[in-house]
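Here is how the chains run, residue by residue.
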Amino acid sequence: MKYYIIVGEASGDLHASRLMQALKVYDASADFRFFGGDAMKAVGGVCVKHYKDLAYMGFVPVLLHLNTIFKNMKMCKEDIMKWNPDVVILVDYPGFNLKIAKFLGKQVKRIPVYYYISPKIWAWKEWRIKNIKRDVKEMFSILPFEKDFYEKRHRYPIHYVGNPTVEEVASFQASYQESFGDFVSRLHVGSTLDRRPIIALLAGSRKQEIRDNLPAMIEAAKRFKDYQLVLAGAPSIDDAYYEKFIKGTRVKLVKDQTYALLSNATAALVTSGTATLETALFNVPQVVCYETPLPKLCRLGFNHILKVDYISLVNLIGNKEIVSELFADRFSVYAIANALYQILPGQPGREKMLSNYASVRERLGHALAPDNAARIMIQLLNPQTAANV
């Protein structure tokens, strides 16, 4: 069968590539064409457009690149219709993908639209449910609380297929054999070996996030002299950009080693996003830090506009405050340092957080998300194969 897949950022590229690998297991003739990235290219198929040419974040960048965005949208629509796939699989990236779904829904020949990794409409823009119900044939969710949101609140059946981060972390842990001593030896090549325990800094994957959050993270963490500070660098960010923030500090930068860092960390300061869930799955106590412009206004918006009680996946999945969320008007160096102290060894907050992590893992389940999603997709697309899948 022919699969057309659309992603808009690095995380989508990774998740889509794993889904493609699973689809190939169940469909030996799987043919892929996509808007994607390097991970998807490695699996095979034709990359029509790289996600780096699509990803514009924030009001001003989007406004400045409107012409390019419209051209990409037009190209995508025309390419889908010309190739005539058996299914179009959308991966997150709702601003672009929901418009593609709407376009396909209006065509005489109805190419089925599947959505893998739901847009976060439970947080805001809940009105998008109307478009999803109209244009998306099947929704594949990776967050357990989304099932109640869609099915009980909006009477829209979906598939919870498990969370891919669970599999990714478990796979890494099964193969990772490096000792703490070996890790810090690699970390301190050419410098004095430091065997102090590690506080990990995960400051996000975008320059704006790093600029807003990293200075306060460093300022808070450097107060703990008995710990060394290690920053997880995002692969898309040049070392020179990080150097502006860490020059003259005792922070060490590691690139493409986030999982190895979390395997050896005692505690972590983390911006919101998937990294909060990854940190929990590695059993590392954490503080979630996220600076926002106009903090009091953002707090007002969070309390009265957003539809959720938390910003971190750990708390959303656990449905309670498991990790401290220091964002908007609660974001300060003092607050970060205080919350970090509470989760260091010997402090009561540490054991409580580790205990609550267990409930998060239980709610996520043990299903292999890409495999589960691929199997269901093929059963739906080709019922005749169901007995063999």
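Just so you know, these numbers come straight off a predicted model, no measurement behind them.

Here is what the cut-offs are and how they apply
- Residues numbered from 1 in each chain as written.
- Predicted model: local features only at pLDDT ≥ 70, side-chain atom pairs only at ≥ 80, totals over all residues.
- Heavy atoms only, no water.
- Pairing = 2+ DSSP bridges.
- Helix = DSSP H or I, 4+ residues; strand = E, 2+ residues; numbered from the N terminus.
- Axes fitted to C-alpha atoms, helices over the stretch in contact; angles between N-to-C directions.
- Parallel < 35°, antiparallel > 145°, perpendicular 65-115°, else oblique.
- Left-handed = near helix turned anticlockwise from the far one by under 90°.
- Contact = heavy atoms within 4.5 Å.
- Nonpolar A, V, L, I, M, F, W, Y, C, P; charged D, E, K, R; others polar.
- Buried < 20%, exposed > 50% of the residue type's maximum accessible area, 1.4 Å probe, protein only.
- Right-handed = clockwise from strand over helix to strand, strands pointing away.
- Core = buried A, V, L, I, M, F, W, Y, C linked by side-chain atoms within 4.5 Å.

### Things to note about the sheet that holds strand β6 (residues 138–141)
Phase 1 of the analysis: Within the open sheet, the seven strands sit side by side as β3-β2-β1-β4-β5-β6-β7. Their pairing is parallel. A strand with exactly one partner marks an edge of an open sheet, and here the two such strands are β3 (46–50) and β7 (159–160).
Phase 2 of the analysis: Here strand β1 (residues 2–6) pairs with strand β4 (residues 87–91) via four bridges, running parallel. Opposite I6, over in β4, you have L90 as the bridge partner.

### A look at the packing of helix α10 (residues 207–221) against helix α11 (residues 239–246)
Phase 1 of the analysis: Where α10 contacts α11, the axes come no closer than 10 Å and their chain directions differ by 30 degrees. What the angle tells us is that α10 and α11 run roughly parallel. Judged by the twist between their axes, the crossing of α10 over α11 is right-handed. Residues K207, I210, R211, L214, P215 and I218 of α10 touch α11, and the partners they reach there are Y241, Y242, F245 and I246.
Phase 2 of the analysis: Counted by class, the contact of α10 with α11 contains eight nonpolar, no polar and two charged residues.

### Description of the pairing of strand β11 (residues 265–270)
Phase 1 of the analysis: The buried fraction of β11 is high, at six of six residues.
Phase 2 of the analysis: Bridge count for strand β8 (residues 198–202) against β11 is five bridges, and the pairing is parallel. Looking at the pairing, L202 lines up with V270 of β11.
Phase 3 of the analysis: Chirality of the crossover, the property in question, places the unit of β11, helix α13 (residues 274–281) and strand β12 (residues 286–290) among those that are right-handed.

### Points about the nonpolar core
Phase 1 of the analysis: Formed by 129 residues in total, the largest nonpolar core has its most connected members in I5, I6, I89, Y116, L201, L214 and L340.
Phase 2 of the analysis: In terms of residue count, the dominant contributor to this core is α10 (seven residues).

### A closer look at unusual backbone geometry
Phase 1 of the analysis: We note that N84 has phi near 55 degrees; this positive angle belongs to a residue other than glycine.
Phase 2 of the analysis: Checked against the element boundaries, N84 lands in the loop between α4 (66–83) and β4.
Phase 3 of the analysis: Of note, N283 is a non-glycine position whose phi angle comes to about 65 degrees, a positive value.
Phase 4 of the analysis: Tracing the backbone shows N283 in the loop between α13 and β12.
Phase 5 of the analysis: For N283, a relative accessible area of 36% puts it in the partly exposed group.

That is the geometry; function is a separate question.
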